[in-house]
Amino acid sequence: MTGQPSPFASLREQLLDAAAAFSGSPVTVSDILSGLVDDVDRALREELEIFPVCHHSPASALAMVRRLREKQPKVIYLELCEDLQPLLTELRNCRLPVAVQAFATDIDGFPPTWAPLSVVAPITEASAEYQAISYALETPGVELVLVDRSTDHVFQWAPKEEPDKKEQAEESGLHGDAVGVEIGDLRPRFAELEEHLLHHGKVRHWSEWWDQYVEQPLAGADYDTYRQVMVLIGSLFRRLDRDGGRLSVDEDRERYMWTRMREHLAASGADPADCLYVCGAFHAASRVEQFGVRSTATFEISPRTGTKWLYGLIPSSHSAIEAQFGLASGSVSIAAATWAKSLTRSKLTPFQLAGQKGARKRAAKLPEPVAPAEVTDRLTGFLSRPPALDELDEAELLGWSVDIVRLARRNGYLSSTADAIAVFETSILLAGMRNRARPTPYDFQDAAVTCIEKDVMPGRRDVRRLCEILLGGDRVGEVGYDAMPPLARDVYDRLAPLGLDLEKRTIQRALLDLNANPELRPCSDLLWKLRYLLPSDAVRPIMGQRGLGERSIQESWDLAFGKHQRSIIELGYEGVTIEQVVEQRLRRSVWDPKATAAVALAAVEDAVVFLGSRRFADELGARAVELLASERSVDDAPEVLRRIRRLMAYYRAHEPELPGWCEEFATSGYAHYCTLLPTAFVDDDTGVRQVAAMLGFLFSMESLAISLGCDRAQLELAVQQSHPESPAKVALLWAARSQLGLLSHAELRERCDELLANPLVVPSFPQYIIGFVQAMEPVPALSGFVVEVVSKAFGRLPDRVLLPWLPKLITALRDQAGELVPVLVREAGRTFPGTLGAVDSWVPPWSARPAAPAPAAAPVASGPVAELLMGHPAACDAVAGLLGCEGSWQAPAAAWPGHREVTALLAGHPEPALAVAGLLAGPGGGARITTSR
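Procedures and definitions
Residues numbered from 1 in each chain as written. Predicted model: local features only at pLDDT ≥ 70, side-chain atom pairs only at ≥ 80, totals over all residues. Heavy atoms only, no water. Helix = DSSP H or I, 4+ residues; strand = E, 2+ residues; numbered from the N terminus. Buried < 20%, exposed > 50% of the residue type's maximum accessible area, 1.4 Å probe, protein only. Contact = heavy atoms within 4.5 Å. Pairing = 2+ DSSP bridges. Axes fitted to C-alpha atoms, helices over the stretch in contact; angles between N-to-C directions. Core = buried A, V, L, I, M, F, W, Y, C linked by side-chain atoms within 4.5 Å. Parallel < 35°, antiparallel > 145°, perpendicular 65-115°, else oblique. Nonpolar A, V, L, I, M, F, W, Y, C, P; charged D, E, K, R; others polar. Patch = residues over 30% accessible without salt bridge, like charges linked within 9 Å, V, L, I, M, F, W, Y side chains within 5 Å. Areas by Shrake-Rupley, 256 points an atom, 1.4 Å probe, with all protein chains shown as cover. Salt bridge = Lys/Arg side-chain N within 4 Å of Asp/Glu carboxyl O. Lys, Arg positive; Asp, Glu negative; His and termini not counted. Charge placed at Lys NZ, Arg CZ, Asp CG, Glu CD. Phe/Tyr/Trp six-rings, centres within 6.5 Å; stacked < 30°, edge-to-face > 60°.

A. Quick peek at the overall build of the chain. Of regular secondary structure, the chain possesses 38 helices and 13 strands. By residue count, 48% of the 933 residues in the chain fall in the buried class. Pairs at least 24 apart in sequence give 76% of the contacts found in the chain among residues at least 6 apart.

As C-alpha cells, this is what we get:
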C-alpha cells in the first residue's frame, strides 16, 4: 500500500498554494499544512484500521455503530488500561454511567505521599468505547483486547513531584481525587489556538465549539469523511502542542499500544484486516517509529512495581465526568440528549450489553459485512463546502421554552407565558448572531438565562442548572449488587433486617428500638462502624450515641447509601469485612510515622467501642506506651490526659483490674512528664494549657504510679527545679506547690494580695488569673481560691485599671480555658449569695471577720444561799456527782457591787428571804440566815 499514489495529493497542493498566498512566512505554515495531510494519509494507509474517537462524543458513537455493522471485526483493540479488562463484563450489572477503577493503598515503588492511588475510566452509553465493548462482549467469536499502559505505568510515567490529580468540584465527588484515564481526549493544548477558536466561533467554552463545528457536521457524515476529519483534527492539535512533557508521555503510550498490538497479532495469528484499533484522534495521527503493524522498531516495557492494585466499578455521573475532564457544565447531558435524538433520526440500533440496567432492550441483528472500499479523498469536499444547516425544529424549541418556564416557576421564579415566548424568540436570535440556522441547547441556555433570571436567584438552582435538568439532568450511574466487592455485598446483606431499599439515592430514615427488637442490635453495631468509616452525611445518627460503656436503647439514622455507593465500594478494596477494615485503619494510624500517643489512645478507644477486642486494644495500648516514651513534645498533653482518664474510668467500671498497658502507661507517663516538666515551664513554645495537662496527669496518676514503684520525690524535684517567667506559668507553679504542700494557702493568698497591690504587676494580672484557672485541672480544690482571686481583683482595682485588661481576660478565658469556665462559674454560684437581697449583708468567706468580745467573768455568788451551800458542801457535791458535773468551789465575795439593787431589795423586805431560809433549814435546823446592808 505504501507504493500507491496518495489520494490527498490534490488537497496537499491546494493547502500549499493557500499558505503561499496568505502567509507571510510560507515555509512554516506550509510545513504544518502538508504535515496534516501526511498524517491523514499515513493513518488511512495503515494495514490495521484505525478508528479515531473523541471522548463522550455522540458523533463518534454513531460512526462506531455504523462501522461495526459494516466491518464486523474479529478483534477490537481499545485504548484503555490493559489490566482493567476483567471488569468490563461486570458492566452488565450496572446502570450507566459508571467508572472502571483501579485502587491501591499498599504502594511499593512510589512516593508514600501519593497514597492512595486511584485511576478511573468513566463509561457512558453515548460513547464509541461502550459501543465497541458491547459489540465485542455480545458477539460470538469477537475478541476485545485492551492495549493501553497499565494503571501501574500511569503513575510510573507521572511526574515524580506529584501525580496529576485534578481538583474536583462538589458534584464530582463520585470520582474523588482519582487520576482520570482520558480515552479519546481531543482538545487543543495550544492555549492561543483554543482562545482564537472560541473567540471567532462566538462561544464561551470548548465543549460548545466542538458541538457546533465538529459534532453537528459529523453526526450524519459517512464513515470515510468522519475518519479523515477526526485524524485531521488530531494532527492539527498534535502539531500545535506546546506541552513537551505531556507529548512525550503520549508518545510512550503510543509505542506501548503498538507494541502490545503486534504482540497479540503474532501470538493469535489474527489478520490485521479483521481487526479494528479504537483510539483517540490525537493518537491516530501518531508519528512514532513503532507506528504500524509492519514496523520493526522495538519498545522496552518496564516491569510493574510491587504495588498491589485492586479493581472495581464505582458509580459515576455526568457532572463528575465534566469536572474531571474539564468539560462545560451540562455538556455530557447535552451529548446524551443528542445521542438519543440521532438514534431516532438515523434509525440505528446501538449495541448494548445483555441485562444492562436502565436501558431499553434492543435486538441488534448484524447485516452481512461490507467489503472495504478504496480510500478516497473526502476532506477536500468537506473543507470546501459550507456545512449543511439543519432546519429549525420549532416544535422542539417551543417545547423547551414552555418546559423551562414551568420548571422555573416550580423553583420560585416569577416566570410567565411571556417569558416562554421571549426564550423562544431569543434562542432564534442568538443562533442567527452565531451563524446557526438551528438553535443549539447552548443557545437555548443563554436565552433562558437572559429572559428568566433576574437580579437574584430565589432558590438553590439557577436557570442554567434548570436547563441542564430539562435537557437530561445529571444522570448518576449505579453499580449492581453482583458487581460489588464482597464487603459491599456483606454490608447490604447485614442491613437487610432494616427493611430499607439501600440502593435508592434519597435519604432514608431507619428507626431502631433495640429493647423491643433485639435482633436489630447487629445492624446498630454495623451502622456505628460505617459511621466511623464513611463520610459524615452517608450514615448520620439522629438519636442515640455510642461511646465507652454507652449503649443506646433507641436509635434513629439517616442513611444515604445510594448517594455514597462509591465510598462503600472502595471499602471493599481495603478488606473483606467491615471489622477487618476498621482494624486495619486503626493499626495503620498508630504505626504511622507521624503517630502520637494521643492518636494511639484514640485508636484504643475506637477499638473498644467498635470491635470490643481486648487483645487488639492491648496491642494498641502497648503502642501508645512506646509513643509516649519517645515523644519530646508535650503539645498533645491535654488530649492524652483526657483520653487516658476516660479509658481508666471505663476499665475500672467494667474490668476486674486495669490492663497491663494502662499501668505501664501511668508509670512511663509519670516519669516522662516529670522529666519534661522543668523544660516545659520555661519553654515559650509550650503553652500553659499543656503544662496544666502535664500536672493534671502527674497528680491524677500519682497514687497509681507510686503504688507501682514510682517515687514521689521525682515530682517534688521537678516542681522545685521549675522556674517559669511568664505570669500564667508562675501562677500554675504556685498551684502545684500548694498541691504538694510546699506552699500553704495563706502564703498563696498573701502573694496574690501583693500582686494586686503592685501597680507594675496589675496590667499582667489577667495572665495570673489564666494560670490559676488552668490550675483547676490538676488541682480541683483550688477552684474556691480562684473565685477569691478574681473577686478581689474586681473589688479592689479601680475602673481605670480594670476596664483596659478586662477584654483581654475574657478573650483569654474563651480561647485558652473554655472548658474550665463552667467549673469556675459553678464554684462562684456556690460562693456568692443566691438572692439579690442577701448581697448587702453578705460577707465574703475570705474577708477577716471582727473579733467577738471576750465573755465576762462569772460573778462569784454571795449572800445567805451561798453561805448555806458553802457551809454544807457535801450535799452540793452529791448532786453534782449525780448529774455528772465537774467544778470547784470559790470563796464568797465580801460584797457584790454588780447587784446593789438586789441587795437593797432583800434588805428592805427580809420576810421572803427568811421564809425561804426557814423552809430550807427545816424543823429543828440550826441554819442562820443573816442579811447585810
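B. Focus on the environment of Trp661. Position of Trp661 among the secondary structure elements: in helix H25 (residues 660-682). Note: C-alpha distance between Trp661 and Ala617 (44 residues apart in sequence) is 9.6 Å. Look past the residues within four positions of Trp661 in its chain and what remains in contact with it is Leu601, Val604, Ala617, Asp618, Gly621, Ala622, Val625, Ile644, Leu647 and Tyr651.

C. Fine view of the sheet that holds strand E6 (residues 143-148). Pairing within the open sheet is parallel, and its four strands lie in the order E1-E8-E2-E6. Two strands in the sheet have a free side with no partner beyond their single neighbour: strand E1 (49-53) and E6. For this sheet, the mean angle separating the axes of adjacent strands, direction not counted, is 30 degrees. Summarising the sheet, E1 and strand E8 (residues 275-280) pair through five bridges and their orientation is parallel. Directly across from Glu49, in E8, lies its bridge partner Leu276. On top of the sheet, helix H4 (residues 128-138) reaches E1, strand E2 (75-81) and E6; it is set at about 130 degrees to E2, its chief contact.

D. Broad picture of the nonpolar core. Within the largest apolar cluster, 205 residues are counted, with the highest numbers of intra-cluster contacts made by Leu495, Leu530, Phe561, Tyr651, Phe665 and Phe772. Ranked by residue count, the leading element in this core is H25, at 11 residues. Aside from chain neighbours lying at most four places away, what touches Phe772 is Ala731, Trp734, Leu748, Cys752, Leu782, Phe785, Val786 and Val789. Ranked by size, the runner-up nonpolar core spans 24 residues in total, among them Leu44, Ile50, Val145 and Leu265.

E. Structural context of unusual backbone geometry. Following Leu96, the chain continues into Pro97 via a peptide bond in cis, with omega recorded as 5 degrees. Relative to the helices and strands, Pro97 is located in the loop between strand E3 (94-95) and strand E4 (98-104). The backbone of Gln72 sits at a positive phi, close to 50 degrees, despite the residue not being glycine. With respect to the secondary-structure elements, Gln72 resides in the loop between helix H3 (58-71) and E2. We note that Lys347 has phi near 60 degrees; this positive angle belongs to a residue other than glycine. Considering the arrangement of structural elements, one finds Lys347 in the loop between helix H12 (331-346) and helix H13 (379-384).

F. Inspection of the packing of H3 against H4 at higher detail. Running from N to C, H3 and H4 point in directions that differ by 25 degrees, and their axes come no closer than 8 Å. Relative to H4, the element H3 is oriented roughly parallel. Where H3 approaches H4, its residues Ser60, Ala61, Met64, Val65 and Leu68 are matched on the opposing element by Ala128, Gln131, Ala132 and Tyr135. The residue inventory of the contact of H3 with H4, partitioned by class, reads seven nonpolar, two polar and no charged.

G. Spatial organisation of a negative patch on the surface. Together, Asp635, Asp684, Asp685 and Glu725 line one region of the surface with negative charge. Mapping Asp685 onto the fold places it in the loop between H25 and helix H26 (688-700).

H. Fine view of the packing of aromatic side chains. Scanning all chains against the criterion turns up 23 aromatic pairs. Arranged with centres 5.6 Å apart and planes meeting at 40 degrees, the rings of Phe51 and Tyr226 form a pair that is tilted. Of this pair, Phe51 sits in strand E1 while Tyr226 sits in helix H8 (residues 223-239), and the two are 175 residues apart along the sequence. Phe51 gets classed as buried once you look at its relative accessible area, which sits at 0%. Considering the side-chain rings of Tyr650 and Tyr651, the 5.5 Å spacing of their centres and the 65 degrees angle between planes classify their relative orientation as edge-to-face. On the basis of relative accessibility, which here comes to 2%, the residue Tyr651 falls in the buried class.

I. Region of interest: the sheet that holds strand E12 (residues 539-543). Reading across from one edge, E11-E13-E12 is the order of the three strands in this open sheet, with antiparallel pairing throughout. What marks the edges here is a single partner per strand, and that holds for strand E11 (508-513) and E12. Recorded for the sheet is a direction-independent mean angle of 25 degrees between the axes of neighbouring strands. The pairing of E12 with strand E13 (residues 554-559) spans four bridges and is classified as antiparallel. Bridging across to E13, Met543 finds its partner in Ser556.

No statement about biological role is implied by the geometric values presented.
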